[in-house]
Amino acid sequence: MRQWHHLLGLALLISSVPGCSAGVSVPAQPAPAKVATAPTARQDGNLGVFADKLRNARRAPVSIVQLGDSHTAADLFSGELRRLLQARYGDGGIGLVPATSVPGIRNDRVIINSERRQWELISARNQQSSQFPLGGYLSLPLAARPKVTLQARDADAQRYKVSALYQASRNSTLLANGNQRRMLPATNGQWRLSPAFTNLGLPMQLGLEGGEGVLLGGWYLQGQKNAGVTYSSLGINGARLEVVDKWQPGWQDSLKLLRPDLVILAYGTNEAFDDKLDLALYQSQLDATLSSLRKQLPRAAILLVGPPDSIKQRKARSCAAKQPQPLAGVVRVQRQMAQKHKALFWEWQAYMGGPCSIARWQAGGLARGDLVHLTGEGYRKSAAGLYEFLKGSLRLP
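My aim in this report is to walk through the structure given alongside it, one point at a time. (Residues numbered from 1 in each chain as written. Predicted model: local features only at pLDDT ≥ 70, side-chain atom pairs only at ≥ 80, totals over all residues. Heavy atoms only, no water.)

### Comments concerning the environment of Lys 256
- When you line up the elements, Lys 256 lands in helix H4 (residues 251–257).
- Spatially, the C-alpha atom of Lys 256 lies 7.3 Å from that of Leu 297, the residues being 41 residues apart in sequence. (Helix = DSSP H or I, 4+ residues; strand = E, 2+ residues; numbered from the N terminus.)

What follows is the structure, encoded as structure tokens:
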């Protein structure tokens, strides 16, 4: 596991030189100790580092993690961006997915099948727990040997390394395809990645043997070749940025386990639909989240994806009256905080054509009738726009 925070050893050079007073040799004073500070983001917000990682992605892995709301949870937008990046820079794997099936969300690469009588799902969307993992979906085993099947959504000949994101109060055993085993050491209340199964293909069956005291937070699927782009898409329907505060303290340590080179935050729609939104509080929350990410992941680049355009009051006469009233303020705060923390900011609403442009997108089959969400074609068009924005920002061909 990559260690981001370390303190270099003190360098103390002591030397003796002949003195000039009364012919007596006097030891020289010790040179001031040099203490290195913890790594900080480069002036460009690590964009140059990330660009170099992508250029070298055919020989070394690149990890991207996206956290967001329903636009992320459908994995149509993020799924198309994953496809574009992997087509250009190599397929490094599917990334982190929920441990069991979650109603209302999907992954563009893999289908997760699990039986209700074998698992209990607890979601940070509308439930409470002090143990929510990174991503916000907690799966508790209800059977002695609960299992999950992962199958490819489309033809997939890739071979994978597969680990579980888990907690265990005592030692347990992870199973793959019924006969391969990996020990799950007790974690003392912390989330850890298990020892990996190697050279697995889809479909695969994963499960537990003696699962009492074990909690699962997801499966991490990396390409066996250890190169290319891995893109973890972690979305919760209805989520706002503050959902990360429901996750177990220290969730950033789980994020570190994925070694992200780029972290994408894609929230804002649900904040914009809150007519009582306290913009000052929202700014404080976003500021704190970005500060924490910069501290915990000093070598990662960060991208803020603004909310897409939306219409709340269909019958209003003016465009301004049709828009969710806090929307412009949310976008403004995101732009300001991105600048402060040297993060990229992609203004999705502007890409669509500005305020009320979603009506034109809906008329053209690119947005759904709720005038909030896009169609599959609309999300793919948006992902292509973000892909071009990234290439331009990173100065990549």
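Resuming the write-up.
### Quick word on the nonpolar core
- One finds Leu 67, Leu 134, Trp 247 and Tyr 267 to be the most contacted residues of the largest nonpolar core, which totals 45 residues.
- Contributing elements (two or more residues each) for this core: strand S3 (61–68), strand S8 (137–141), strand S16 (214–223), H4, strand S18 (262–266), helix H6 (279–296), strand S19 (301–305) and helix H8 (327–340).
- In terms of residue count, H8 provides more of this core than any other element does, six residues in total.
- For Leu 67, the residues in contact, after removing those within four places along its chain, are Thr 72, Leu 134, Leu 234, Trp 247, Trp 251, Ile 264, Leu 265, Ala 266 and Tyr 267.
- Within the second largest apolar cluster, 39 residues are counted, among which are Phe 50, Leu 303, Trp 348 and Tyr 387. (Core = buried A, V, L, I, M, F, W, Y, C linked by side-chain atoms within 4.5 Å. Buried < 20%, exposed > 50% of the residue type's maximum accessible area, 1.4 Å probe, protein only. Contact = heavy atoms within 4.5 Å.)

### As for the pattern of salt bridges
- Inspection of every chain in the model, using the stated rule, returns 18 salt bridges.
- In this structure, Arg 145 engages Glu 209 in a salt bridge whose closest nitrogen and oxygen atoms are separated by 2.6 Å. With a gap of 64 residues between them, Arg 145 in the loop between S8 and strand S9 (147–152) and Glu 209 in strand S15 (residues 204–209) connect regions that are remote in the sequence.
- With a relative accessible area of 45%, Arg 145 lands in the partly exposed category.
- With relative accessibility at 23%, the residue Glu 209 sits in the partly exposed group.
- Its salt-bridge partner being Asp 275, residue Lys 312 comes within 3.0 Å of it at the nearest N-O pair. (Salt bridge = Lys/Arg side-chain N within 4 Å of Asp/Glu carboxyl O.)

### Side note on the pairing of S18
- Within S18, five of the five residues are buried, which leaves the element mostly enclosed by the surrounding structure.
- Here S18 shows no split at all, with Leu 262, Ile 264 and Ala 266 on one side and Val 263 and Leu 265 on the other all buried.
- Two strands pair when backbone bridges link them, and S3 and S18 are joined in this way by five bridges, in the parallel orientation. The residue bridging Leu 67 from the neighbouring strand is Leu 265, located in S18.
- Examined bridge by bridge, S18 and S19 share four bridges and lie parallel to one another. When the sheet's bridge partners are listed, Leu 262 is paired in S19 with Ala 301. (Pairing = 2+ DSSP bridges.)

### Observations regarding empty space enclosed by the protein
- Overall, the coordinates contain four cavities of 30 Å³ or more when judged by the stated rule.
- The volume enclosed by the largest cavity comes to roughly 70 Å³.
- Lining the largest cavity are Gln 190, Trp 191, Arg 192, Gln 248, Pro 249, Gly 250, Trp 251, Asp 253 and Ser 254.
- With three residues, the top contributor of residues to the lining of the largest cavity is H4. (1 Å grid on protein atoms, 1.4 Å probe; cavity = no way out; pocket = protein on both sides within 12 Å on 5 of 7 lines; lining within 4 Å. Points joined across faces, edges and corners; volume = space filled by probe spheres on them.)

### A closer look at helix H3 (residues 77–89)
- Its 13 residues place the ends of H3 18 Å apart at the C-alpha level, agreeing with the 18 Å of an ideal helix rising 1.5 Å per residue.
- In terms of residue burial, H3 counts as a mostly covered element, since ten of its 13 residues are buried.
- For H3, the full list of buried residues reads Phe 77, Ser 78, Gly 79, Glu 80, Leu 81, Arg 82, Leu 84, Leu 85, Gln 86 and Tyr 89.
- Downstream of H3 by a residue or two, Gly 90 has a phi angle that is positive, lying close to 105 degrees. (Expected span 1.5 Å × (residues − 1).)

### Remarks on the sheet that holds strand S4 (residues 91–93)
- The strand order S4-S17-S3-S18-S19-S20 describes an open sheet built from six strands, whose pairing is parallel. Only two strands of the sheet have a single partner each, and these edge strands are S4 and strand S20 (344–346). Adjacent strand axes in the sheet meet at a mean angle of 25 degrees, parallel and antiparallel pairs treated alike.
- Sheet strands in contact with helix H1 (residues 47–55) are S3, strand S17 (228–235), S18, S19 and S20, and its direction is about 125 degrees off that of S3.
- With respect to the sheet, H6 is in contact with S18 and S19, its orientation differing from that of S19 by roughly 155 degrees. (Axes fitted to C-alpha atoms, helices over the stretch in contact; angles between N-to-C directions.)

### Notes on the layout of surface pockets
- By volume, the second largest pocket amounts to about 260 Å³.
- Every residue lining the second largest pocket is counted, 24 residues in all, and those nearest its centre are Pro 98, Ile 105, Arg 106, Asn 107 and Ile 112.
- Sorting the residues of the lining of the second largest pocket by element identifies helix H2 (70–73), strand S5 (95–97), strand S6 (110–114) and S17 as the ones contributing at least two each.
- Across the lining of the second largest pocket, the residue classes break down as twelve nonpolar, nine polar and three charged. (Nonpolar A, V, L, I, M, F, W, Y, C, P; charged D, E, K, R; others polar.)

### Looking at the state of the cysteines
- One pass over the full model with this rule turns up one disulfide.
- Across the disulfide, Cys 319 is cross-linked to Cys 356 (sulfur-sulfur distance 2.1 Å). Across the S-S bond linking Cys 319 and Cys 356, the dihedral sits near 110 degrees, which makes this disulfide right-handed. Linking Cys 319 in helix H7 (residues 319–322) with Cys 356 in the loop between helix H9 (348–352) and helix H10 (357–363), this pair joins segments that are 37 residues apart in sequence. (Disulfide = S-S within 2.5 Å.)

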